[in-house]
Amino acid sequence: LPCRMNNMGTLLLLSLLSLCGTAVRAEEGASTDGKFPEFCGDRECPKFHLVQQYDSFELRAYEGTQWVTTELDDGFLGFGMVTSFRRLFNYISGKNSQGIKIEMTVPVLMQYPSKDTGRNATMSFFLSPSLVNPPQPLDPAVHLENSPPLSVYVLSFGGYALDYDYKKKAKALAEKLGNQGLSFDDSVRTTAGYNDPFTLLNRHNEVWYKAK
């Protein structure tokens, strides 16, 4: 039953993605060959370089990025997750110090501490580099953060992904990395979602671990 409740919350979260409006295509590429990755669809996403392609996962080097972030609430039936999404969506919809609307981007990033690090789970929206000085959030539960350049191991998979699927894929990625003797930070698992619920084909989901 708890798993079913969590899945219900995830579906509610996905349904909100359909409200995010028209996106802007990035002018520069986000992958090694300079082209905009197909899995980003028509939305802007962070730039990266493909460092190495393994059999079933890859190592990416991301440029420094900026994000708007809030604590990820779980809550009854997963409604807390929807609350977190709405906080971020309100920010890009104009609830910010400049009252401006910001285009929705991908991915929606969720980070879950897998150990007792004293850090809460978070949800984040990527902010385009074209926002040189992003407006400050008006909601005290929302904050801006800059991520330095980082390298991450990424396992991609398709279909409609629920929390169970992300956990299963994260475990599989951790096992693959361990089996190949690759050093990674297992204190936080990251999930990245790229599609609204009305995208039926070629759906794209990812799990990340930071490379050491």
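For the structure itself, look to the data block above.
As the structure is a prediction and not an experimental result, all values here were calculated from the model.

Undergrad: Which residues make up the pattern of salt bridges, and what values go with them?
TA: Scanning all chains against the criterion turns up four salt bridges. The residue Arg60 makes a salt bridge to Glu206 at a minimum N-O spacing of 2.8 Å. Remark: Glu206 occurs in strand β9 (residues 205–211) and Arg60 occurs in strand β2 (residues 58–62); sequence separation between them is 146 residues. Take Arg60 and Glu206: they sit in the same class, and that class is buried.

Undergrad: Residues and numbers for the sheet that holds strand β5 (residues 122–127), please.
TA: An order of β1-β2-β7-β9-β8-β4-β5-β3-β6 is seen for the nine strands of this open sheet, with the pairing classed as antiparallel. The outermost strands of the open sheet, each flanked by one partner alone, are β1 (48–53) and β6 (142–147). On average, each strand axis in the sheet is inclined to that of its neighbour by 30°, with strand direction left out of account. Where strand β4 (residues 108–113) and β5 come together, four bridges link them in antiparallel fashion. Within β5, the position partnered with Gln111 by the bridge is Thr122. Together, β4, β7 (150–157), β8 (184–193) and β9 form the strand contacts of helix α3 (residues 163–179), whose direction differs from that of β9 by roughly 40°.

Undergrad: Please provide a residue-by-residue account of the state of the cysteines, values included.
TA: Each disulfide consists of a covalent bond between the sulfur atoms of two cysteine residues. Within this structure, the stated rule accounts for one disulfide. The disulfide partner of Cys40 is Cys45, and the S-S distance across this bridge is 2.1 Å. Residues Cys40 and Cys45 are joined by a disulfide whose S-S torsion is about 90°; by sign, that bridge is right-handed. Each member of the pair, Cys40 as well as Cys45, carries the same accessibility label: buried.

Undergrad: I'd like a rundown of α3, residues and numbers included.
TA: Here α3 contains 17 residues, and its C-alpha end-to-end distance of 24 Å stays within 8% of the 24 Å for a straight helix at 1.5 Å per residue. Those residues of α3 that fall on the buried side of the exposure criterion are Asp163, Tyr166, Ala170, Leu173 and Leu177. Projected down its long axis, α3 shows its buried positions confined to an angular sector of 85°, all on one face. Facing away from the buried side of α3 by more than 90 degrees, the exposed set consists of Lys168, Lys171 and Asn179. Looking one or two residues past α3, Gly181 carries a phi angle of roughly 70°, positive in sign.

Undergrad: Requested: an account of the environment of Phe85, with residues and values cited.
TA: Here Phe85 shows up in helix α2 (residues 79–92). Phe85 gets classed as buried once you look at its relative accessible area, which sits at 1%. Each C-alpha atom of the pair Phe85 and Phe125 lies 9.1 Å from the other, and the pair is 40 residues apart in sequence.

Undergrad: An account of the side chain of Ser128 is requested, with residue identities and associated values reported.
TA: Within the secondary structure, Ser128 sits in the loop between β5 and β6. Residue classification places Ser128 among the buried positions, given a relative accessible area of 8%. In this structure the side chain of Ser128 is engaged in a polar contact, spanning 3.0 Å, whose partner is the side chain of Glu44. If we skip the residues at most four places from it in the chain, Ser128 touches Glu44 and Gln66.

So, how was this worked out
- Residues numbered from 1 in each chain as written.
- Predicted model: local features only at pLDDT ≥ 70, side-chain atom pairs only at ≥ 80, totals over all residues.
- Heavy atoms only, no water.
- Salt bridge = Lys/Arg side-chain N within 4 Å of Asp/Glu carboxyl O.
- Helix = DSSP H or I, 4+ residues; strand = E, 2+ residues; numbered from the N terminus.
- Buried < 20%, exposed > 50% of the residue type's maximum accessible area, 1.4 Å probe, protein only.
- Pairing = 2+ DSSP bridges.
- Axes fitted to C-alpha atoms, helices over the stretch in contact; angles between N-to-C directions.
- Contact = heavy atoms within 4.5 Å.
- Disulfide = S-S within 2.5 Å.
- Expected span 1.5 Å × (residues − 1).
- Arc of directions from axis to C-beta.
- Polar contact = N/O pair within 3.5 Å; in protein donor to acceptor, adjacent residues only side chain to side chain.

Purely spatial values, then, with no claim about function.
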